[in-house]
Amino acid sequence: MAAPKKGRRAPASQGHPGRTLVLILIAMVALVGGMFYSGTLTPRLGIDLAGGTSFTLAAQNQPGKPNAINETNMNTAAGIMERRVNGLGVTESEVQTQGSNHIIVNIPKGTDAKQARQQVGTTAQLGFRPVLTTTAGAKTPDPSASPSPGGKNGKGEDGKSKVGPGTKDAGKQSAGSSPQPGASATTQGRAVTDSLKKAPSATPTPSGKPKPSIPPVPPTGGAADLPPAVQKQLAALDCSTKEKRATAGQQAANSKPTDTIVACKDDGSQKYALGPVAVEGTDVKDAKAVFDSQQGQGWIVQMDFTSDGGKKFADITGKLATKTQPQNQFAIVLDGAVVSDPRVSQQLNGGNATISGGFTQQSAEDLGNMLSYGALPLSFKIDDETTVTAALGGEQLHAGLIAGAIGLALVVIYLVAYYRGLALVALASLAVSAVLTYTIMTLLGPAIGFALNLPAVCGAIVAIGITADSFIVYFERIRDEIREGRTLRPAVERGWPRARRTIMVSDFVSFLAAAVLFIVTVGKVQGFAFTLGLTTVLDVVVVFFFTKPLMTLLARRKFFADGHPWSGLDPKRLGAKPPLRRRRGTAPTETKEA
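A few points on the structure. (Residues numbered from 1 in each chain as written. Predicted model: local features only at pLDDT ≥ 70, side-chain atom pairs only at ≥ 80, totals over all residues. Heavy atoms only, no water.)

Some points on the environment of Arg483
Along the polypeptide, Arg483 turns up in helix α13 (residues 454-483). Once the C-alpha coordinates of Arg483 and Asp570 are considered, the two residues, 87 residues apart in sequence, prove to be 9.8 Å apart. Polar contacts involving the side chain of Arg483 include one to the side chain of Asp480, which spans 2.9 Å. (Helix = DSSP H or I, 4+ residues; strand = E, 2+ residues; numbered from the N terminus. Polar contact = N/O pair within 3.5 Å; in protein donor to acceptor, adjacent residues only side chain to side chain.)

Take a look at the structure:
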């Protein structure tokens, strides 16, 4: 029996092209299914297409601080601006850093552009104010009503100073009393050197008796000593909605440092009457979140003050430590909202302090960033402001779609006129590329906040030509092989390595240009670069996993294999040479000289 011939194994795309086509089909079905599952069926539109206002802010170093523009400071500033914009009631705003010193703020239509400009263009105000009194965040219906002798301070204030599981109704205890039974895991009342205790928001007590849903202002804790005007403001203050908290925050932020103010907790759970600013945010030298493994406090926030700030902080903590809850607390106020209200157990000297109590890593880092913002040596100026109406955005999108349709039509006409039957392969590949591009852009909207703007549409239109160019390179390689006298099936396989090399080099250059453009540009131009890079990657995927396997299958069909005049592979039209044949025979011998 003759031994089987040995040779190189055919590539997977040649031996099993159907499997490769099934693979890319499964990927397309998965992407489309994910799009429907997420409920997002259209790409997210940018400001220039959907309408709205876009600001580009440039960071500037303050005098004497030449290296203040860095990633940490920029991210912190972007977070503060996002809090401000969201405080306007905007639900689809975008605040993101771009490049090393720019922040882009995109606000959709229906938002007061003037108010938004004021919010993002001013420096954040951070201050430490002593707490005079506090109560639940809802509006008080009857501020003159007399509460029961038990008092709300006993229930709400000491109860809220407890941290972690096991918190119970604290009755009439003050902050300096011993912990309640069953709450031994807490550190309530313990004097910790150079530390403060975080006072988390109040939670409902486990008592079975119904309690008023909106408690009155507590008479203890200094409420009776408040000026009548401040008592009235506190009773009328409503922190139940984001819009009302934003309004209250603006009023508090616009007040003077020496004023007594009322303010809301950033989550709306509490409202406060606060004394004048005792320590300015600029007195904070540094603040960071660290994990305390030595004393077992978990995540804490460490603060370092300037020399003047350390003296001010020692003075205010010395006064607060002698008082009862809630007047032994100070509020950390950022842009008129209370972000934290730790209580003081002793005077804190040395120019540093820690805030502890029930922090997670994320909450500790957030508070540390907010405290650091008061010391950020940065200011911002608005480099560019663009306002687009919804009607103008619709017109721009319509014009972009028309331009894309015209470009696609010209490509189709060229392919059909020059490549005939092969145009079907190109059109099918373009359709696959379009489906992949559309679904990925749609899914990237909710995933990473990608928004399709007008430059991105231009990038997608340019990608039509880039993708069609890859098909043309492959088709021409196949035709070159047919002109050399080979039949279609060998021509498809022999032309692929050379075409593949050319396509990879061309797409690499396009992707490199898109990457450089994305890195060095700011604003909407990045949309063009991102789309160009995405479609370039998808071009490689489509050519390798769809166009090549499809050509391998079509080469087995008589219409293409026999070179039908309308196949685009007619040997006569291509000027093919006679078929190549191997001749068997003995090799000529050469006479060797002695």
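From this point, things continue past the structure.
So, helix α2 (residues 17-38)
With 22 residues, α2 extends 32 Å between its outermost C-alpha atoms, agreeing within 8% with the 32 Å of an ideal straight helix rising 1.5 Å per residue. Looking at the residues trailing α2, positive phi occurs at Gly39, about 80°. (Expected span 1.5 Å × (residues − 1).)

A look at the nonpolar core
Grouped together as the largest cluster of nonpolar side chains are 47 residues, with contacts concentrated most on Phe475, Ile478, Leu488 and Met551. Taken together, the elements giving at least two residues each to this core come down to α2, α11 (390-419), α12 (422-448), α13, α14 (488-520) and α15 (525-554). Looking at which element gives the most residues to this core, the answer is α13, with eleven residues. Dropping the residues within four chain positions of it, Met551 is found in contact with Leu422, Val425, Tyr474, Phe475, Ile478 and Val492. (Core = buried A, V, L, I, M, F, W, Y, C linked by side-chain atoms within 4.5 Å. Buried < 20%, exposed > 50% of the residue type's maximum accessible area, 1.4 Å probe, protein only. Contact = heavy atoms within 4.5 Å.)

A word on the state of the cysteines
This model, assessed by the stated rule, comprises one disulfide. Each disulfide pairs two cysteine sulfurs, and for Cys239 the partner residue is Cys264, the sulfurs being separated by 1.9 Å. Taking the torsion about the S-S bond as the criterion, the Cys239 to Cys264 disulfide, at about -75°, is left-handed. Here the residue Cys239 occupies a position in the loop between α7 (228-236) and α8 (242-253), and Cys264 occupies one in strand β6 (residues 261-265), the gap between them amounting to 25 residues. On the basis of relative accessibility, which here comes to 0%, the residue Cys239 falls in the buried class. Overall, Cys264 belongs to the buried group, its relative accessible area being 3%. (Disulfide = S-S within 2.5 Å.)

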